[in-house]
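Residue-level structural notes
Each chain, written out:
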Amino acid sequence: MTQAPGDVVLIGGGHTHIQVMTAFGRRPEPGLRLVLISDQTHAPYSGMLPGHLAGLYRRDEMLIDLAALAEATGTTLILARATGLDLARRQVLCDGRAPVDYHLASIDVGIIPDLSGIAGADRDGLAVKPIGSFLARCDAILGAAVDEGRLRDVAVVGNGAAGVELAFALAARLRARAQASPPARITLIGSGPVVATLNAGVRRHIHRALDRHGIARRDGVRIVAVEAGAVVTATNERIAADTVLISTRARPPRWLGETGLELSQDGSVATAPTLLAMGREDVFAVGDCATILEHSREKAGVFAVRQGPVLARNIRRRWRGEELERHRPQTAYLVILMTGDGRAIAGRGAWLAAEGRLVWWLKDWIDRRFMARFQTAI
Ligand SMILES: Cc1cc2nc3c(=O)[nH]c(=O)nc-3n(C[C@H](O)[C@H](O)[C@H](O)COP(=O)(O)OP(=O)(O)OC[C@H]3O[C@@H](n4cnc5c(N)ncnc54)[C@H](O)[C@@H]3O)c2cc1C
């Protein structure tokens, strides 16, 4: 298949690009053809991953079927892994297929775990990102071990928001099997305090909930290796672990650095507030793999989601030769962590902290409403 010079090529089916697809599906632009290059057929929604692991959501409820979405929105789907950009020829380079020509391109490929500081993590650890491969390995390793009661000691390495939710999810999954098998110990380990980015009130709620679920906490402990049966700390202590989930630092894919695009300090694509890559008129970059230099924020799905409508409008404006809109991401945002027992903990900015069933109801409602936009006919 060859692309016409008028193609807008979306690289990666991340949280921002799926919204561009629905926007153009609802209101096509004459002459503009959308192409999505994705390395997987189904895009997982991370907000529902812990709930899925806890047994609260079915797999299909947390996955976006990209082929169905492409068909419903008139997008051409190319199943391939992008490996580079040829900026001069305006081509996306792909693994195992011919390059894809673009008139405009946009990159939304997320981030991948940086396991460089943890020896053996590649071999013996279960890294949470990319979520697609995590789920496949989870099914193979964790699923059987949990269900057959072979799990004794689980270490969750990384005590940020994702690590905390994973620990709660596992505890819930194990509780559901408690009748059939002896309980396993879960230890949440991190080099700093638990979710250091949240306010003190939220962290107090998290500490209490971890205690309530019997999840052990090791704060201020850096893991440097994963071995058979244990994780090893920087002070050479061995913490028992027959299964190790890793949710530590992440970094943008290295191929972005070979494109010639300007990068920010963390290796993500540096962009202007218009979401255009710095110095480019034909390449956008969004989500976790990009940084708006004027408004740098931490990496979170909420920012990728908010960029969706802006990117859709700016692609349309760029196509028409109109002036682009400037995006200023919010500084404070609502974080909700599920605890897997019908409750959740919420925090926002320096002061808001809440915990309870109503908070879980709110998170469930937000996540289901978001997913419904991509699972029904456009
Ligand atoms: C357990 C967990 C829970 C989380 N919960 C929340 C939450 O509640 N709220 C929140 O704000 N954030 C949350 N996050 C963070 C959130 O997952 C990310 O910030 C969000 O996914 C970023 O979206 P994105 O569009 O940048 O990339 P992604 O969602 O990672 O999407 C990138 C897509 O690009 C594809 N791709 C990658 N490389 C290529 C390639 N070379 N070629 C083609 N396709 C490619 C991938 O397969 C993927 O489909 C959570 C993270 C985890 C791990």
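Refer to the structure presented above.
Heads up: these notes are all about the structure in this document. These numbers come from a predicted model, not from an experiment.

Taken together, 28 residues form the shell around the ligand, and within it Asp-39, Ser-46, Asp-108, Asp-288 and Gly-301 come nearest. Gln-40 is positioned with one of its side-chain polar atoms (N or O) 2.8 Å from an oxygen atom of the ligand. Asp-288 is positioned with one of its backbone polar atoms (N or O) 2.7 Å from an oxygen atom of the ligand. Protein chains shield 85% of the accessible area of the ligand, which is 1000 Å² for the free molecule. Mapped onto the shell around the ligand, the elements with two or more residues apiece are β2 (33-38) and α8 (301-320). With three residues, the single largest contributor to the shell around the ligand is α8. Here the residues of the shell around the ligand sort into 11 nonpolar, 11 polar and six charged. Shared between two domains, the shell around the ligand takes at least three residues from each, and those domains are domain 1 (7-111 + 252-320) and domain 2 (114-248).

A word on unusual backbone geometry. The omega torsion of the bond from Lys-129 to Pro-130 falls at -10°, within 30 degrees of zero and hence cis. For Pro-130, the location among the structural elements is in the loop between β11 (125-127) and α5 (131-147). One non-glycine residue with positive phi stands out, namely Val-195, at about 35°. Here Val-195 is to be found in the loop between β13 (185-189) and α7 (200-212). Positive phi, close to 80°, is recorded for Leu-275, a residue that is not glycine.

Bringing the sheet that holds strand β24 (residues 344-348) into the picture now. Ordered by their spatial adjacency, three strands build an open sheet running β23-β24-β25, and the pairing between neighbours is antiparallel. The outermost strands of the open sheet, each flanked by one partner alone, are β23 (335-338) and β25 (352-356). Shown here is a sheet whose adjacent strand axes are inclined to one another by a mean of 15°, direction ignored. Note: β24 against β25, five bridges, orientation antiparallel. If you follow Ala-346 over to β25, its bridge partner there is Ala-354.

The final tally for this structure, using the stated rule, is 26 salt bridges. Among the salt bridges present, the one from Arg-58 reaches Glu-61, with a minimum N-O distance of 3.9 Å. You can call Glu-61 buried: its relative accessible area is 16%. Where Arg-368 meets Glu-61, a salt bridge forms, and the shortest distance between an N and an O atom there is 3.1 Å. On the criterion of sequence distance, the pair formed by Arg-368 in helix α9 (residues 357-375) and Glu-61 in the loop between α2 (49-53) and β4 (63-65) is long-range, its members being 307 residues apart. Three or more residues joined by partner-sharing salt bridges are found here, namely Arg-58, Asp-60, Glu-61, Asp-364 and Arg-368.

Quick look at the nonpolar core now. Nonpolar side chains tend toward joint burial in soluble globular proteins. Counting 80 residues, the largest nonpolar core has Ile-186, Ile-206 and Ile-315 as its most contacted members. The element contributing the most residues to this core is helix α6 (residues 161-176), with nine residues. There are two domains that each give this core at least three residues, and those are domain 1 (7-111 + 252-320) and domain 2 (114-248). Judged by nonpolar contacts, the second largest core, of 24 residues, contains Ala-80, Val-92, Tyr-102 and Leu-256.

Here, disulfide denotes a covalent bond that connects the sulfur atoms of two cysteines. Enumeration according to the criterion identifies zero disulfides in this entry. With no disulfide partner, Cys-289 has as its closest neighbouring cysteine sulfur the one in Cys-94, 15 Å distant. Looking at Cys-289, the relative accessible area reads 0%, which means it is buried.

Moving on to α8. When the terminal C-alpha atoms of α8 are compared, their 29 Å separation across 20 residues agrees well with the 28 Å that a helix rising 1.5 Å per residue should span. Gly-308 marks the point of greatest bend in α8, at about 35°, and the proline Pro-309 comes within the next four residues. Buried residues along α8 sit in contact with β1 (7-11), α1 (17-26), β9 (104-107), β21 (283-285) and β22 (290-292).

So, how was this worked out
- Residues numbered from 1 in each chain as written.
- Predicted model: local features only at pLDDT ≥ 70, side-chain atom pairs only at ≥ 80, totals over all residues.
- Heavy atoms only, no water.
- Near = heavy atom within 4 Å.
- Polar contact = N/O pair within 3.5 Å; in protein donor to acceptor, adjacent residues only side chain to side chain.
- Areas by Shrake-Rupley, 256 points an atom, 1.4 Å probe, with all protein chains shown as cover.
- Helix = DSSP H or I, 4+ residues; strand = E, 2+ residues; numbered from the N terminus.
- Nonpolar A, V, L, I, M, F, W, Y, C, P; charged D, E, K, R; others polar.
- Domains from an automatic or database assignment.
- Pairing = 2+ DSSP bridges.
- Axes fitted to C-alpha atoms, helices over the stretch in contact; angles between N-to-C directions.
- Salt bridge = Lys/Arg side-chain N within 4 Å of Asp/Glu carboxyl O.
- Buried < 20%, exposed > 50% of the residue type's maximum accessible area, 1.4 Å probe, protein only.
- Core = buried A, V, L, I, M, F, W, Y, C linked by side-chain atoms within 4.5 Å.
- Disulfide = S-S within 2.5 Å.
- Expected span 1.5 Å × (residues − 1).
- Bend = angle between axes of the 7 residues up to and from the residue.
- Contact = heavy atoms within 4.5 Å.

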